[in-house]
Amino acid sequence: MADADVLVVGGGPTGLALACGLASQGVEVRVVDRAAGPATTSRANIMHARGVEVLARLGALGDLRERSLEPRGMTMNARGRPLSTMRFAPDERESVQALFVSQATIEAALRRRLTELGGAVEWGTEVRTATQHADGVEVGFADGTVAQVPWVVGCDGAHSTVRGLAGIAFPGVAVVEQFLLADVRADWHRDRATSAGWFHRDGIVLAIPMRGEGDAPDLWRLMADVPASDERLTAEQIIARFARLLPERTGETDVRIEEALWTSVFRIHRRLAADYRSGRILLAGDAAHVHSPIGGQGMTTGIGDAENVAWKLGAVVRGRARPALLDTYRAERRPVATEVLRSTTTNTRILVGEGAVTRFVRDRIFVPVLNKPSVQRQATRAASQLWVSYRRGPLGGRGRRPRPGDRVPDLPCTRPDGSPTRLHAELGPRWALLVPALGPDAERLLATARAHLGDDVSLLTAHGPQPARLVRPDGHLAWRGGDPADLQRRLTGAMQTGRAR
Ligand SMILES: Cc1cc2nc3c(=O)[nH]c(=O)nc-3n(C[C@H](O)[C@H](O)[C@H](O)COP(=O)(O)OP(=O)(O)OC[C@H]3O[C@@H](n4cnc5c(N)ncnc54)[C@H](O)[C@@H]3O)c2cc1C
């Protein structure tokens, strides 16, 4: 007798998002984490638009918008003067924008949603072993207990135990030797509407405004690259280094660090798992990919993995799809991580500016163009991850845009009872069949979709979509057309063989 349908290892943002996605489909999910309780340190402090969209579809957005700072932009300085101000340009075509909000706050919102769905994280529960057999995995915990589960998903971070137990390699390289980080309360008369960075011949310093929680005052996140050293720095030593680095590299002498809430020293690696699945064990989030935190892409990418694998694993567990569908998870999400690794590595190398040539290109070419509104729009779009498309994957397709695999932006729709709604509000665990009008044609398409997907399909009418469209729970186009036989072929291919092309 299985202990649950799915064991999610890790209660960070990826594991929590996955658990919410599975629980909302009625899948029995266990979430375990080796930590004694929720992490209280901030860690990530920006969630890009695609991550916000996923949280909304999971029903976990809650009051995060009210608890966030709106990211306005970043001013880059060199030799005591500003080079450029890169403004985050809101994308007028989209209903979601990025949020400056701490990882701790996002995790709390996801835990609240998981509780509403009847789940909870089992803290102090460390996975040590995993042995696969024909119809499941036997998992051993640090306290000597074991669990039998059909599926395991390792969302256990960069040093993933599950990845090692599944025998999946994690090749990569170091990108930057060492970074110092501190979240501090400081007496510093700086504009808190934008972040700031200073280039100096010895390295970069970044200062990012962060909103304090509850009664806590507003904070600054400080980051600086320093030469690698094996010395283990204490929090006091890190703060002493920043107290020296700040005036040296920024030229500002009126800054006084009053209190440090979190300090850290880390190296930046770029690593990508050789596979995202080995039999009945899958990987998601930092367990599958790590990269530079500059640009704030990690959590958004992990939550995107979670949403992608949640509907597929849910369909397999509920007998609506064969396990071959799970291979589309790697095919769709690994290229996204490859692109995130490439862009964050390039941006980090340019920002850190190792070598005189790179620094010249950075200060004279790369940074000054960030003043241009067209470049700012492009950069905001690139960071947003709203560009993610699976059209080249096994569930993708050709033809007019949006093509199968493309993300479908939110749009106003009408339910069959005439009440107004929006497309993304109807997704989540559900699929949406968008038709130009109700009637026998729509009914035939709905019956075909429901034959494969059960009752999890909402019928909606919308202005514009001609012909009909079937939208996946993660907001990507599954199919467009008017012929039920064509829809039948496509869904059979996707759900039974993992190939719909
Ligand atoms: C300084 C810094 C700044 C960053 N800023 C941003 C940002 O602004 N925006 C952004 O999107 N990303 C940012 N990131 C990246 C982001 O923090 C990570 O991508 C994110 O934490 C990944 O989430 P995860 O759930 O995959 O893994 P994790 O958050 O690492 O969670 C893994 C969980 O698994 C548990 N675990 C580990 N091993 C086991 C085991 N054997 N058994 C049970 N449980 C286990 C751990 O206790 C942990 O709770 C930043 C990272 C750093 C270091």
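For the structure itself, look to the data block above.
Right, let's walk through the structure included here. (Residues numbered from 1 in each chain as written. Predicted model: local features only at pLDDT ≥ 70, side-chain atom pairs only at ≥ 80, totals over all residues. Heavy atoms only, no water.)

What about the sheet that holds strand 8 (residues 146–149)?
If you walk across this open sheet you meet the 3 strands as 6-7-8, and the pairing is antiparallel. What marks the edges here is a single partner per strand, and that holds for strand 6 (127–133) and strand 8. The average angle at which neighbouring strand axes cross in this sheet is 20°, direction not considered. Pairing of strand 6 with strand 7 (residues 136–141), which is carried by 6 bridges, proceeds in the antiparallel orientation. In the strand pairing of strand 7, Ala-130 is matched with Val-139. (Pairing = 2+ DSSP bridges. Helix = DSSP H or I, 4+ residues; strand = E, 2+ residues; numbered from the N terminus. Axes fitted to C-alpha atoms, helices over the stretch in contact; angles between N-to-C directions.)

Things to note about the sheet that holds strand 16 (residues 281–283)
Within a sheet, each strand pairs with its neighbour through backbone hydrogen bonds, oriented either parallel or antiparallel. Reading across the sheet, the 6 strands line up as 5-2-1-9-16-15 and stay open at both edges, with mixed pairing between neighbours. A strand with exactly one partner marks an edge of an open sheet, and here the two such strands are strand 5 (121–122) and strand 15 (277–278). Relative to strand 2 (residues 29–32), strand 1 (residues 6–9) runs parallel, the two being bridged by 4 bridges. Paired with Leu-7 across the bridge in strand 2 is Arg-30.

A few points about the site of the ligand
Around the ligand lies a shell of 29 residues, among which Thr-14, Asp-33, Gln-103, Asp-286 and Met-299 are the nearest. The separation between a nitrogen atom of the ligand and a polar main-chain atom of Arg-34 is 3.0 Å. Measuring from an oxygen atom of the ligand, one finds a backbone N or O atom of Met-299 at 2.7 Å. Within the residue set of the shell around the ligand, elements represented by two or more residues are helix 1 (13–23) and helix 6 (298–317). Among the elements that line the shell around the ligand, the one with the most residues is helix 6, at 3 residues. Of the residues belonging to the shell around the ligand, the class tally is 10 nonpolar, 13 polar and 6 charged. (Near = heavy atom within 4 Å. Polar contact = N/O pair within 3.5 Å; in protein donor to acceptor, adjacent residues only side chain to side chain. Nonpolar A, V, L, I, M, F, W, Y, C, P; charged D, E, K, R; others polar.)

Points about the environment of Ala-478
Following the sequence through the fold, Ala-478 ends up in strand 23 (residues 477–481). A relative accessible area of 12% places Ala-478 in the buried class. Sequence separation between Ala-478 and Glu-354 is 124 residues, and the spatial gap between their C-alpha atoms is 44 Å. Not counting residues within four places of it along the chain, the set of residues in contact with Ala-478 comprises Pro-404, Trp-431, Leu-470, Val-471, Arg-472 and Arg-490. (Buried < 20%, exposed > 50% of the residue type's maximum accessible area, 1.4 Å probe, protein only. Contact = heavy atoms within 4.5 Å.)

Notes on the environment of Val-317
Tracing the sequence through the fold places Val-317 in helix 6. Counting along the chain gives 45 residues from Val-317 to Arg-362, while the straight-line C-alpha distance between them is 50 Å. When residues no more than four places from it in sequence are discounted, the contact partners of Val-317 are Asp-5, Val-6, Val-27 and Trp-151.

Everything listed is a geometric property; what it means functionally is a separate question.
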